[in-house]
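One letter stands for each residue in the lines below.
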Amino acid sequence: MKIYSSILPAEELQTEVKMAFPQVNFEFHKGIKEDLFLNAEVFITYGEDLTEELILKADKLKWIMVMSAGLEKMPFDACKQMGILVTNARGIHKIPMAEFTIGMMLQHVKHMRTLWENESNQLWERKLPMGELFGKTLLILGIGAIGGEVARLAKAFQMKTIGVNRSGEKAEWADEIYTMKAIKEALPEADFIASVLPSTKETKHLLDESHFDLMKDSAVFINIGRGDLVKEEVILAALRDRKIAHAYLDVFYTEPLAEEHPFWRMDNVTVTPHISSITKNYMPRSFEIFKHNLHTYIKKRADYINVIDMDRGY
């Protein structure tokens, strides 16, 4: 069996997976090489280097392992046409992204930006309106693996947690659950609104002006999911009109964010460079999922982790 990866992991990880599967011929390269790709039975990728044309030529390809949660650039129609199994690394981001979200909320209530500025200016100021997460309400848009971990950590601060998901099914760490269509019912109560939603047909431009109109003027919006959840002109207007207190944005329509973009200069926006999921444990966790799925594939079982529904896109 030939497995080709357009991801070049650390030598230690390469050696580990080769030793675990001595019967498999692995080829690890940085970037896609068409000749290797067309001869592979299994392909490992971040999901951003495939085209419909390539997929339709890959008559030997049976399975694609996407070492990422994001799938918006995957040519699913071609994969479906060719009968290719697609799995991804959903779930590996939950620890770093949940910690990042809690960190942003703590930074906000403890006025860390002001404290750092005061330190730089050697200013001793003890009259800052320091707040707490205790008793605050957190609304999580997309309470799956990542959102569930955010809710679990929020419970350590005795926050009220409200989850939003597609089905309306209960989530372990959520006090209340709403469906995607009922988001507006929950917005007026939220002190923090955190989105971990992926980019799908259902979520693109999900939030509009009417949603921000319903938020508290003290509310904080955190987006660590995808930038197309809300049109940039909508969130810019909401921030300029002070409809909400602050936005912590880790994802954007166009990345990297242009130097001239107004987000950089707004006092009620914190820009981070799509970094919430980054951790030194990213690749080892991805390969744990891959190794489980490879055992499943070789033994012709059905217990794959994270099989993608190509009609839904996740």
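So, how was this worked out
- Residues numbered from 1 in each chain as written.
- Predicted model: local features only at pLDDT ≥ 70, side-chain atom pairs only at ≥ 80, totals over all residues.
- Heavy atoms only, no water.
- Pairing = 2+ DSSP bridges.
- Helix = DSSP H or I, 4+ residues; strand = E, 2+ residues; numbered from the N terminus.
- Axes fitted to C-alpha atoms, helices over the stretch in contact; angles between N-to-C directions.
- Contact = heavy atoms within 4.5 Å.
- Parallel < 35°, antiparallel > 145°, perpendicular 65-115°, else oblique.
- Left-handed = near helix turned anticlockwise from the far one by under 90°.
- Nonpolar A, V, L, I, M, F, W, Y, C, P; charged D, E, K, R; others polar.
- Phe/Tyr/Trp six-rings, centres within 6.5 Å; stacked < 30°, edge-to-face > 60°.
- Buried < 20%, exposed > 50% of the residue type's maximum accessible area, 1.4 Å probe, protein only.
- Expected span 1.5 Å × (residues − 1).
- Core = buried A, V, L, I, M, F, W, Y, C linked by side-chain atoms within 4.5 Å.
- Right-handed = clockwise from strand over helix to strand, strands pointing away.

Asker: Could you give an account of the sheet that holds strand 5 (residues 85-88), with specific residues and numbers?
Answerer: Pairing within the open sheet is parallel, and its five strands lie in the order 2-1-3-4-5. Of all strands in the sheet, those with a lone pairing partner are strand 2 (25-28) and strand 5, marking the two edges. Averaged over all pairs of adjacent strands, the angle between their axes in this sheet comes to 15°, without regard to strand direction. Examined bridge by bridge, strand 3 (residues 42-45) and strand 4 (residues 63-66) share four bridges and lie parallel to one another. Within strand 4, the residue paired with phenylalanine 43 across the bridge is isoleucine 64. Across the sheet, helix 11 (residues 282-298) touches strand 1 (2-5), strand 2, strand 3, strand 4 and strand 5, and the angle it forms with strand 4 is around 165°.

Asker: An account of the packing of helix 5 (residues 94-109) against helix 7 (residues 145-155) is requested, with residue identities and associated values reported.
Answerer: For the pair helix 5 and helix 7, the least separation of the axes is 8 Å and the interaxial angle reads 50°. Relative to helix 7, the element helix 5 is oriented oblique. At the point where helix 5 passes helix 7, the crossing takes the right-handed sense. Mapping the contact onto sequence places Lys94, Met97, Ala98, Glu99, Thr101 and Ile102 in helix 5 and Ala145, Ile146, Glu149, Val150, Leu153 and Ala154 in helix 7. Looking at the contact of helix 5 with helix 7, its residues break down into eight nonpolar, one polar and three charged.

Asker: Account for the packing of aromatic side chains, with residues named and values stated.
Answerer: Under the defined criterion, the tally for this structure stands at ten aromatic pairs. Centre to centre, the rings of tryptophan 63 and phenylalanine 290 are 5.5 Å apart; their planes meet at 20°, and the pair counts as stacked. Taken together, the positions of tryptophan 63 in strand 4 and phenylalanine 290 in helix 11 put the pair 227 residues apart, joining distant regions of the chain. The two residues tryptophan 63 and phenylalanine 290 agree in class, both being buried. Grouped by ring-pair contacts, the aromatic residues Phe26, Phe28, Trp63, Phe287, Phe290, Tyr297 and Tyr304 constitute a single cluster.

Asker: Summarise helix 5; cite the residues concerned and give the values.
Answerer: Helix length check: helix 5, at 16 residues, gives a terminal C-alpha distance of 23 Å against a target of 22 Å (1.5 Å per residue), a fit within 8%. Within helix 5, burial applies to Pro96, Met97, Ala98, Phe100, Thr101, Ile102, Met104, Met105, Gln107 and Val109. Remark: histidine 111 follows helix 5 within two positions and exhibits a positive phi of approximately 55°.

Asker: Go over helix 10 (residues 232-240), please, and point to the residues and values.
Answerer: For an α-helix, the turn length of 3.6 residues means that residues three or four places apart are oriented alike. Residues of helix 10 that are buried include every one of Glu232, Val234, Ile235, Leu236, Ala238 and Leu239, and no others. Looking at the buried residues of helix 10, the elements they touch are helix 9 (209-214), strand 10 (220-223), strand 11 (246-249) and strand 12 (269-271). Of the residues flanking the end of helix 10, it is arginine 242, one or two places downstream, whose phi is positive at about 60°.

Asker: Could you give me a rundown of the nonpolar core, with the residues and numbers involved?
Answerer: Of all hydrophobic cores here, the largest spans 34 residues; its most connected members are Leu139, Ile193, Phe212, Phe221 and Phe263. Of all elements in the fold, only strand 6 (137-141), strand 7 (160-165), helix 8 (183-186), helix 10 and strand 11 reach the threshold of two or more residues within this core. For this core, the leading source of residues is helix 10, giving five residues. Residues contacting isoleucine 193, with those up to four places away along its chain left out, are Leu139, Leu141, Leu187, Met215, Ala219, Val220, Phe221 and Ile222. Core analysis: the second largest hydrophobic core is formed by 25 residues, Ile140, Ile143, Ala171 and Ala174 among them.

Asker: Can you explain the pairing of strand 1? Please cite residues and give values.
Answerer: By the bridge criterion, four bridges tie strand 1 to strand 2 in an arrangement that is parallel. Looking across to strand 2, one finds that isoleucine 3 is bridged to phenylalanine 26. For the segment spanning strand 1, helix 1 (residues 11-20) and strand 2, crossover handedness is right-handed. Across three bridges, strand 1 lies against strand 3 in parallel orientation.

Asker: Explain unusual backbone geometry residue by residue, including any values.
Answerer: A cis amide bond links glutamate 255 to the next residue, proline 256, at an omega of 0°. Following the sequence through the fold, proline 256 ends up in the loop between strand 11 and strand 12. Phi at arginine 242 takes a positive value of approximately 60°, unusual for a residue other than glycine. Take arginine 242: it is sitting in the loop between helix 10 and strand 11. Non-glycine residue lysine 300 carries a positive phi angle of around 55°. In this fold, lysine 300 is placed in the segment after helix 11.

Asker: Would you mind going over the packing of helix 1 against helix 11 in detail, with residue names and values included?
Answerer: Remark: helix 1 packs on helix 11, axes separated minimally by 11 Å, with the N-to-C direction vectors making an angle of 15°. By the criterion of interaxial angle, the relationship of helix 1 to helix 11 is roughly parallel. Judged by the sense of rotation from one axis to the other, the crossing of helix 1 with helix 11 is right-handed. Residues Leu13, Glu16 and Val17 of helix 1 form the contact with helix 11, whose own contacting residues are Met283, Pro284, Phe287, Glu288, Phe290 and Lys291. The residue inventory of the contact of helix 1 with helix 11, partitioned by class, reads six nonpolar, no polar and three charged.

Without other data, these values stay purely geometric and don't point to any function.
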